[in-house]
Amino acid sequence: MNFLSPQSILPNLPNFRYQQIINWIWCGLLTDWSGAKNLPQDLRAQLSQILPLTINAKVLTSADKKTAKALITLGDGSAIETVLMKHSDGRRTACLSSQVGCPMGCVFCSTGTMGLKRNLTAEEILLQALLWQRELAKVGEKLSNAVFMGMGEPLLNYAAVMEAIKILHEPKIFNIGSHHISISTCGILPAMKKLGQERIKVNLALSLHAPDDKLRTQLMPVNKTYRLKPVLAEALKYYKLTGRQVMLEYVLIKNVNDAPEQAHHLADLIKDLDQTAFIVNLIPYNDTKIFKSSTGEAIKKFKEIVSRAGIKTVQRYRFGANIKAACGQLASRKS
Ligand code: SAH
Ligand code: SF4
């Protein structure tokens, strides 16, 4: 696929032709070349042969129509998943995968159990957004937000993710504001540092999931390398550098990390740093074979404790559970 660089398969055209081709792909949202009226007939025929516009995807929509999930099969047969969330306030958010699988092995995450197959290219990341842009165009809508919360650890595929972000942000292409782009990481500290230096300042989300090193290491092997306190300190630096509050993601897993004392512990950890720098995002766990979601009561209690400590606390809406499109359920099942 050469949606970003038609030059590589079609050399010797004048520059303006490449511009037209790229425009048709990313802005015209064509699904076949016959609609590219400003291109000569023979070029359209040639493009149909060497640069087909089809995206090999199977789309599933949830019963409430608020969520859609697509399984995309890539050129090498690898399968990735991407999700579209339609929020009631009008936001249209694409949840993008950055890798095929993930090497980080978090024990509660379906993607983590797959291991890493490979990194995605920038084009493969953008293909997911393009698919949703095409779907939305059918009803006169556009993507407004993008989050790197699909399969994979985005900060381990740094260059491709940043290249994709440039195009998501580009006014003439996706035109998504940097405030509307978020990267979620399990805490790859050196890459978090680098992200703070980027020209395009995106929102950072840090998957915390435990208030102490012992439990975090059990759940997330990355914690052996990048411990809780240094990672939180780096997140604080990100806030100071960018002015963006960092979202601390905390999935609530029954009898694992949802006890009241753990909520107090989490609040203390944040208060020791700077409570204005963070927003705690409590995520009801989507059940897997090993772990179960906390009860509604436990979630409510946990939230009360953290917010009473003066920390902004939000609870994530549960999108797409009935089509297995929710966080951590993206494991490219063929069903
Ligand atoms: N690798 C990155 C981004 C992808 S995961 C990261 O870990 O941050 C996106 C979010 O979904 C993470 O916070 C992850 O911990 C969470 N998650 C994983 N499995 C989940 C599950 N079964 N239910 C709810 N959230 C889950
Ligand atoms: Fe990878 Fe994120 Fe899942 Fe951990 S939670 S295994 S880092 S995708």
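Above this note sits the structure.
Here's a quick rundown of the structure. (Residues numbered from 1 in each chain as written. Chains lettered and ligands numbered in written order. Predicted model: local features only at pLDDT ≥ 70, side-chain atom pairs only at ≥ 80, totals over all residues. Heavy atoms only, no water.)

What to know about the site of ligand 2
Rules: Note on definitions. A residue lies near a molecule or strand when any single heavy atom of the residue is within 4 Å of it. Residues are grouped as follows: Ala, Val, Leu, Ile, Met, Phe, Trp, Tyr, Cys and Pro are nonpolar; Asp, Glu, Lys and Arg are charged; every other residue, Gly included, is polar.
Neighbouring residues of ligand 2: Cys102, Met104, Gly105, Cys106, Cys109, Gly112, Gly152 and Cys186. Grouping the amino acids of the shell around ligand 2 by side-chain chemistry returns 5 nonpolar, 3 polar and no charged.

Comments concerning unusual backbone geometry
Put simply, the rule is: We count a stretch as a helix when DSSP gives it H or I for four or more residues in a row; a strand needs E for two or more, and each element gets its number in order from the N terminus. Relative accessibility thresholds used throughout: buried, under 20% of the residue-type maximum; exposed, over 50%; partly exposed, between the two (1.4 Å probe, protein chains only).
Even without being a glycine, Asn12 presents a positive backbone phi close to 70°. Residue position: Asn12 is located in the segment before α1 (15–26). Given a relative accessible area of 76%, Asn12 falls into the exposed group. Positioned with a positive phi, His209 is a non-glycine residue whose angle comes to about 65°. Along the polypeptide, His209 turns up in the loop between β9 (203–207) and α6 (213–219).

Comments concerning the nonpolar core
Short version of the rule: Only buried residues count toward a nonpolar core. Its members are Ala, Val, Leu, Ile, Met, Phe, Trp, Tyr and Cys residues joined through side-chain atoms within 4.5 Å. Segmentation of the chain into domains, including their bounds, is taken from an automatic or database domain assignment. Any two residues whose heavy atoms approach within 4.5 Å at even a single point are treated as in contact.
Trp33, Leu168 and Phe174 are the most contacted members of the largest nonpolar core, which totals 102 residues. Inspection of this core shows a minimum of three residues originating in each of domain 1 (6–50) and domain 2 (57–323). The contacts of Phe174, once residues within four sequence positions are left out, are Trp26, Leu126, Ala129, Leu130, Gln133, Leu143, Ile167 and Leu168. Counting 6 residues, the second-largest nonpolar core is a separate cluster that includes Val83, Cys95, Val147 and Met149.

Concerning the side chain of Asn145
Here Asn145 is to be found in strand β7 (residues 145–148). Excluding anything up to four places from it in sequence, Asn145 contacts Arg91, Arg92, Thr93, Ala94, Ile176 and His180.

Brief notes about the site of ligand 1
Just so we agree on the cut-off: Any pair of nitrogen or oxygen atoms within 3.5 Å is treated as a polar contact; in protein, a donor-acceptor pairing is required on top of that, and neighbouring residues in sequence qualify only through side-chain atoms on both sides. Surface accessibility follows the Shrake-Rupley procedure with a 1.4 Å probe radius. Residue values consider only the protein chains on display as shielding.
Near ligand 1 lie 18 residues; those nearest to it are Gly152, Ser184, Ser207, His209 and Asn286. In this structure, a nitrogen atom belonging to ligand 1 sits 3.0 Å away from a main-chain N or O atom of Gly152. In this structure, a nitrogen atom belonging to ligand 1 sits 3.3 Å away from a side-chain N or O atom of Glu153. Surface burial for ligand 1 is 95%, taken as the share of its 530 Å² of free accessible area covered by protein chains. When residues of the shell around ligand 1 are traced back to their parent elements, those giving at least two are β8 (181–185) and β10 (246–252). Taken together, the residues of the shell around ligand 1 sort by class into 8 nonpolar, 8 polar and 2 charged.

Structural notes on the sheet that holds β7
Convention followed: Here, strands pair whenever DSSP counts at least two bridges between them. Helix axes are fitted only over the stretch in contact, all axes being lines through C-alpha atoms; the angle between N-to-C directions runs from 0 to 180 degrees.
Pairing within the open sheet is mixed, and its 10 strands lie in the order β1-β2-β3-β4-β7-β8-β9-β10-β11-β12. At either end of the open sheet lies a strand with only one pairing partner, and these are β1 (57–61) and β12 (313–315). In this sheet, adjacent strand axes meet at a mean angle of 20° when their direction is disregarded. Packed on one face of the sheet, helix α4 (residues 158–169) meets β7 and β8 and runs near 160° to β8.

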